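Structural overview
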Amino acid sequence: MTGSALQIALAHHRAWTGKDLDLAMSYLADDVVCDAPAGRLTGVEAYREFLGPFAEHLLVRAELIAAFGDDETALIMYDAETIPARSAPAAECVTVRDGKIVHNRFVFDRVPFEEFRRRQEHPRP
């Protein structure tokens, strides 16, 4: 559990869950690729546009469940408490080269957010 990729993944996770987006982005390569449920994002600015609103406005806290890695690849799993969803499990599998995250396969449970959206569209009387 001491690989450099894991240390970078954890530092990135601590930064964005601590709402320090500038620090979080410093762990990403300029041409980072993020494969997320909504599709592929390319470049650090696209990544920031994707992550920023979630981290800055919706995230209440994140509880790390597990983290594993070696020098090139790391996998972290956590449960995010957000304003719309009390529990939003997620996992990130990152590839690190030259000390920067170059790829993130980011998966999360979209159901809690869809349920929140439905409740907003059709509130109960």
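Everything here concerns the structure above.
Conventions and cut-offs
- Residues numbered from 1 in each chain as written.
- Predicted model: local features only at pLDDT ≥ 70, side-chain atom pairs only at ≥ 80, totals over all residues.
- Heavy atoms only, no water.
- Helix = DSSP H or I, 4+ residues; strand = E, 2+ residues; numbered from the N terminus.
- Expected span 1.5 Å × (residues − 1).
- Buried < 20%, exposed > 50% of the residue type's maximum accessible area, 1.4 Å probe, protein only.
- Salt bridge = Lys/Arg side-chain N within 4 Å of Asp/Glu carboxyl O.
- Pairing = 2+ DSSP bridges.
- Axes fitted to C-alpha atoms, helices over the stretch in contact; angles between N-to-C directions.

**Some details on helix α1 (residues 4-17)**
In a regular helix each residue adds 1.5 Å, so 14 residues correspond to 20 Å; α1 covers 20 Å between its end C-alpha atoms and thus fits that length. Counting buried residues along α1, 10 of its 14 residues qualify, which places the element largely inside the surrounding structure. What α1 keeps buried is the set A5, L6, I8, A9, L10, A11, H12, H13, A15 and W16. Taken from the residues just after α1, K19 is the one with a positive phi, measuring 65°.

**Digging into the pattern of salt bridges**
For the structure shown, the criterion picks out 4 salt bridges. A salt bridge links D22 to R48, with the shortest nitrogen-to-oxygen separation between them at 3.0 Å. With D22 in helix α2 (residues 21-25) and R48 in helix α3 (residues 44-58), this residue pair connects regions lying 26 residues apart in the sequence. Of the charged contacts, one joins D35 and R40 as a salt bridge, the two residues approaching to 2.7 Å between their closest N and O atoms. Relative accessible area serves as the criterion here: at 18%, D35 is assigned to the buried category. A relative accessible area of 57% means that R40 is categorised as exposed. Each of R61, E63 and E81 takes part in one network of salt bridges that share partners.

**Overview of the sheet that holds strand β3 (residues 59-69)**
Strand order across the open sheet formed by 6 strands is β2-β1-β6-β5-β4-β3, with mixed pairing between neighbours. Because the sheet does not close on itself, it has two edges, and the strands there are β2 (39-42) and β3. Here the strands of the sheet are splayed against their neighbours by 20° on average, with no regard to which way each runs. Looking at chain direction, strand β1 (residues 28-36) and strand β6 (residues 100-108) are connected through 4 bridges and run parallel. Its bridge partner lying in β6, D35 is registered against R105.

**Topic: the environment of D98**
Following the sequence through the fold, D98 ends up in the loop between β5 (88-97) and β6. Through-space distance from the C-alpha of D98 to that of Y47 is 19 Å; in sequence the pair is 51 residues apart.

**Description of the pairing of β2**
Pairing geometry for β1 and β2, over 4 bridges, is antiparallel. Within the sheet, the bridge partner assigned to A36 lies in β2 and is G39. Counting the residues between successive antiparallel strands, the hairpin from β1 to β2 contains 2 residues.

**As for unusual backbone geometry**
The backbone of K19 shows a phi angle near 65°, a positive value even though the residue is not glycine. As for its placement among the helices and strands, K19 is situated in the loop between α1 and α2. Here D98, not a glycine, exhibits a phi torsion of approximately 50°, which is positive. Exposure remark for D98: the relative accessible area of 81% places this residue in the exposed category.

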